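Residue strings, one per chain:
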Amino acid sequence: NSIIVRGRVSKIINLMGSRIEEIQDQAIWTLGNLAGDSEKVRDQIIQQGGYEKLIVIFSTAERPQLIKRCTWTIGNFCRVKPPMPYELLKKSLDYLIKGINKLGNDQEFMTDACWILSFLTENFKKSIKVIMETNALPIVFECLKMNVVFIQLSCLRIIGNIASGNANQTQQLLDWGLLPYLKQTIIHPKKSVRKETAWIISNIAAGTQRQIESLITDNFLPILIEVIKKDEPEIRKEAIWAVCNLTSIEKKELMEQIIKQQIVETIFSCLSFKEAKILAVSLEALGNLLAFGKQYYTVNGVNEIVKKAEELGMFEVLEQLEYHPVEIVYEKVIKLLETYFDVENTA
């Protein structure tokens, strides 16, 4: 870059402190363009104190345009690989959150701010705790309502990065009221938005009993069943994982609820998938349902879930899967046949 070659970076850094707003904005914008050029250029700017000066300006920024310009520039510092050290990026977090509180409805600002948060939560898991201790995430949830796919995707990635972490952080997302937003994004016209949402729901369903209960009581099962029936294969797979995990609920009344919502029929439909992992998790879920039926749904010695499964033609499907080439699949099949269908293994 000619500016770097000619040693003009220090002059641009100095101009960032100008009291003339237009000059200050242009200097910060120029620095951002340079920082996004390459690792070498970005690191040279850091060495010359450009990033530190940017943070100082950001820390006292009140003008919306200045806040937006600083945020965009920090985003450019993040775009170059490998990422700069977290200890440097962490310095911007407090001021970024302050900006989110002030400009949460500004689409241009939130595009940059949410991208930075998604970058941080993906690359530096320690940032999640810092972000969770602020009030930024409910504002991020609200951004899911913005009809801007790039913002929605960034927000979903922030949420997904948190939901794929520890159970306490996932619970906090739910306590802040996440689920109604996911009900909307799971039926979004854009495949990319639905895919991110399905991944989040799958992670929630893999969580604690309380988290699985939240999905059931908020009636996510009928929505997920529609996804399994109609959506793209990679989205359907996430929905299958989620539905299968719902069968691990321990509350009798909630298991009864999902049985009434046709979870047995849905799990049966999943046995038509070719992928061994999907078959294995579906068989595990079927085992949960059959075990529940044995304990609570037995009439005159007949397991009503077994009866329903046989009516669907599941016995014949399981017999075919006895010969599956993947060990975990046929082992689960044999166990189900021997435990619930009163047959000997003939494979």
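Definitions and limits used
Residues numbered from 1 in each chain as written. Predicted model: local features only at pLDDT ≥ 70, side-chain atom pairs only at ≥ 80, totals over all residues. Heavy atoms only, no water. Helix = DSSP H or I, 4+ residues; strand = E, 2+ residues; numbered from the N terminus. Rg over C-alpha atoms; globule rule 2.2 N^0.38 Å. Buried < 20%, exposed > 50% of the residue type's maximum accessible area, 1.4 Å probe, protein only. Arc of directions from axis to C-beta. Contact = heavy atoms within 4.5 Å. Salt bridge = Lys/Arg side-chain N within 4 Å of Asp/Glu carboxyl O. Phe/Tyr/Trp six-rings, centres within 6.5 Å; stacked < 30°, edge-to-face > 60°. Lys NZ or Arg CZ within 6 Å of the ring centre and 35° of its normal. Polar contact = N/O pair within 3.5 Å; in protein donor to acceptor, adjacent residues only side chain to side chain. Axes fitted to C-alpha atoms, helices over the stretch in contact; angles between N-to-C directions. Parallel < 35°, antiparallel > 145°, perpendicular 65-115°, else oblique. Left-handed = near helix turned anticlockwise from the far one by under 90°. Nonpolar A, V, L, I, M, F, W, Y, C, P; charged D, E, K, R; others polar. Patch = residues over 30% accessible without salt bridge, like charges linked within 9 Å, V, L, I, M, F, W, Y side chains within 5 Å. Areas by Shrake-Rupley, 256 points an atom, 1.4 Å probe, with all protein chains shown as cover. Lys, Arg positive; Asp, Glu negative; His and termini not counted. Charge placed at Lys NZ, Arg CZ, Asp CG, Glu CD.

A. Up close: the overall build of the protein chain. When helices and strands are counted, the protein chain shows 23 helices and two strands. Relative to the compact-globule value of 20 Å for 347 residues, the protein chain shows a C-alpha radius of gyration of 26 Å, a clear excess of over 25%. Principal-axis analysis of the C-alpha atoms places the extent of the protein chain at approximately 85 × 35 × 30 Å. Taken over 347 residues, the protein chain has a buried fraction of 51%.

B. The arrangement of helix H22 (residues 314-321) in detail. Every buried residue of H22 is listed here: Met-314, Leu-318 and Leu-321. Relative to the axis of H22, the buried residues are bounded by an arc of 60° and lie together on one face. The inward-facing, buried residues of H22 contact helix H19 (263-270), helix H20 (276-296), helix H21 (304-312) and helix H23 (327-340).

C. Structural detail: helix H5 (residues 50-60). Of all the positions in H5, only Gly-50, Tyr-51, Leu-54, Ile-55, Ile-57 and Phe-58 are classed as buried. Summarising the axial view, the buried residues of H5 lie within an arc of 165°, below the 170-degree limit, and thus occupy one face. Among the exposed residues of H5, those pointing more than 90 degrees away from its buried face are Val-56 and Thr-60. The inward-facing, buried residues of H5 contact helix H2 (9-15), helix H3 (21-35), helix H4 (39-47), helix H6 (64-79) and helix H7 (86-103).

D. Expanded view of the pattern of salt bridges. Under the definition given, this model contains 21 salt bridges. A salt bridge links Lys-91 to Glu-52; its shortest N-O distance comes to 2.6 Å. Here Lys-91, found in helix H7, pairs with Glu-52, found in helix H5; they are 39 residues apart in sequence, far enough to count as distant. For Lys-91, a relative accessible area of 36% translates into the label partly exposed. Its salt-bridge partner being Lys-145, residue Glu-142 comes within 3.5 Å of it at the nearest N-O pair. Residue Glu-142 is classed as partly exposed on the basis of its relative accessible area, which comes to 39%. Among the residues examined, Lys-145 registers a relative accessible area of 58% and is labelled exposed. One continuous salt-bridge network, built from bridges that share partners, spans Glu-21, Asp-25 and Arg-63.

E. Geometry of the environment of Lys-195. Relative to the helices and strands, Lys-195 is located in helix H14 (residues 191-205). With 69 residues separating them along the chain, Lys-195 and Val-264 place their C-alpha atoms 24 Å apart.

F. Quick peek at the packing of aromatic side chains. Counted according to the given criterion, the structure contains nine aromatic pairs. Taking 5.5 Å as the distance between ring centres and 55° as the angle between the ring planes, the aromatic pair formed by Phe-292 and Tyr-297 counts as tilted. You can call Phe-292 buried: its relative accessible area is 7%. Through pairs of rings, three or more aromatic residues link up here, namely Tyr-86, Trp-115, Phe-119 and Phe-124. Above the ring of Trp-115, the side-chain terminus of Arg-79 is found at 4.0 Å from the ring centroid.

G. Broad picture of the environment of Asp-231. On the secondary structure map, Asp-231 appears in the loop between helix H16 (220-230) and helix H17 (233-246). A residue is classified by how much of its surface remains accessible, and Asp-231, at 15% relative accessible area, is buried. Here the alpha-carbon distance between Asp-231 and Ile-46, two residues 185 residues apart in the chain, equals 46 Å. What Asp-231 contacts, discounting residues up to four positions off in sequence, is Arg-194, Glu-226 and Arg-236. A polar side-chain atom of Asp-231 sits 2.8 Å from a polar atom in the side chain of Arg-194.

H. Here's a closer look at the packing of H3 against H6. Contact geometry for H3 and H6: axes closest at 8 Å, N-to-C directions at 15°. In terms of orientation, H3 and H6 fall into the roughly parallel class. Relative to H6, H3 is oriented so that their crossing is left-handed. Seen from H3, the contacting residues are Gln-24, Asp-25, Ile-28, Trp-29, Leu-31, Gly-32, Asn-33 and Ala-35; seen from H6, they are Gln-65, Leu-66, Arg-69, Cys-70, Trp-72, Thr-73, Asn-76 and Phe-77. Partitioned by chemical class, the residues of the contact of H3 with H6 number eight nonpolar, six polar and two charged.

I. Structural detail: a negative patch on the surface. Together, Glu-310, Glu-311, Glu-316 and Glu-319 give the surface a local cluster of negative charge. Listed by contribution, the elements that provide at least two residues to the negative patch are H21 and H22. Tracing the chain through its elements places Glu-311 in helix H21.

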